[in-house]
Amino acid sequence: DRDFYRTINFFKKQSNWQEILLMAAENVAEDILLDAQDNASSQVPRSSGRLERSIEVDVVLEDDWVRITLSSDHPAARAIEYGHYYDKIEISEELKRYAELYHGEKANPYALRNAIQKNQPFREARPFMRQAMEGNIEEIEGQIHQVARELRP
């Protein structure tokens, strides 16, 4: 009976669940990152590797939530992830940065704009980050059970 009550009391505490969930998320975060990088390299032909290197994963405890954030600061990441049809492209700072990133300082953003409008390389969504998150849900659940077993009294 004593062990039963100790276990019940352990799982009643919010702080114990926060620790369990945080540890489980941290255990899976690296797998999520690697999957996102693998997905990006397989989804984007002729990749230079910059997209893959720009992907980051972060695990944060906020109040009662443990958040796993997968992000990229690559200029084309959003268009690749969600798809985007370019009807009319303005020469923005992001387009200039993208042109310079891939073609050097002497890059012509106007030529890049024309090529994107003509070829529509991002018309179809290629969700590399969402797939990585969804593909690891079972792993997160398994980690929650494993960490809970390891930490219980």
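Before reading further, recall that the structure is shown in the block above.
Residues numbered from 1 in each chain as written. Predicted model: local features only at pLDDT ≥ 70, side-chain atom pairs only at ≥ 80, totals over all residues. Heavy atoms only, no water.

Some points on the environment of M23
Mapped onto the elements of the fold, M23 is located in helix α2 (residues 14-43). Of the residues examined, M23 reaches a relative accessible area of 29% and is grouped as partly exposed. Counting along the chain gives 117 residues from M23 to I140, while the straight-line C-alpha distance between them is 10.0 Å. Aside from chain neighbours lying at most four places away, what touches M23 is V147 and L151. (Helix = DSSP H or I, 4+ residues; strand = E, 2+ residues; numbered from the N terminus. Buried < 20%, exposed > 50% of the residue type's maximum accessible area, 1.4 Å probe, protein only. Contact = heavy atoms within 4.5 Å.)

Description of the packing of aromatic side chains
Within this structure, the stated rule accounts for three aromatic pairs. Seen in terms of ring centroids, F4 and Y5 are 5.6 Å apart; in terms of plane orientation they differ by 70°. Their pairing is edge-to-face. The class of F4 is exposed, set by a relative accessible area of 52%. Centre to centre, the rings of F11 and W17 are 5.4 Å apart; their planes meet at 40°, and the pair counts as tilted. The class for F11 is partly exposed, based on a relative accessible area of 26%. With relative accessibility at 32%, the residue W17 sits in the partly exposed group. Grouping aromatic residues by their ring pairs yields a cluster made of F10, F11 and W17. (Phe/Tyr/Trp six-rings, centres within 6.5 Å; stacked < 30°, edge-to-face > 60°.)

Focus: the pattern of salt bridges
Following the criterion strictly, the structure yields three salt bridges and no others. The salt bridge partner of R67 is E62, with a shortest N-O separation of 2.7 Å. (Salt bridge = Lys/Arg side-chain N within 4 Å of Asp/Glu carboxyl O.)

Overview of unusual backbone geometry
The residue D63 is not glycine, and still its phi comes out positive at about 55°. Note that D63 resides in the loop between β1 (55-62) and β2 (65-72).

Here we look at the environment of P121
In this structure, P121 sits in the loop between α6 (109-119) and α7 (128-135). The exposure class assigned to P121 is partly exposed, which follows from its relative accessible area of 36%. The contact partners of P121, leaving out residues within four places of it in the chain, are I116 and R126.

What about the side chain of N136?
Along the chain, N136 falls in the loop between α7 and α8 (137-151). On the basis of relative accessible area, N136 is assigned to the buried category, the value being 6%. Beyond its immediate chain neighbours, meaning those up to four positions away, N136 contacts V28, D31, I32 and D35.

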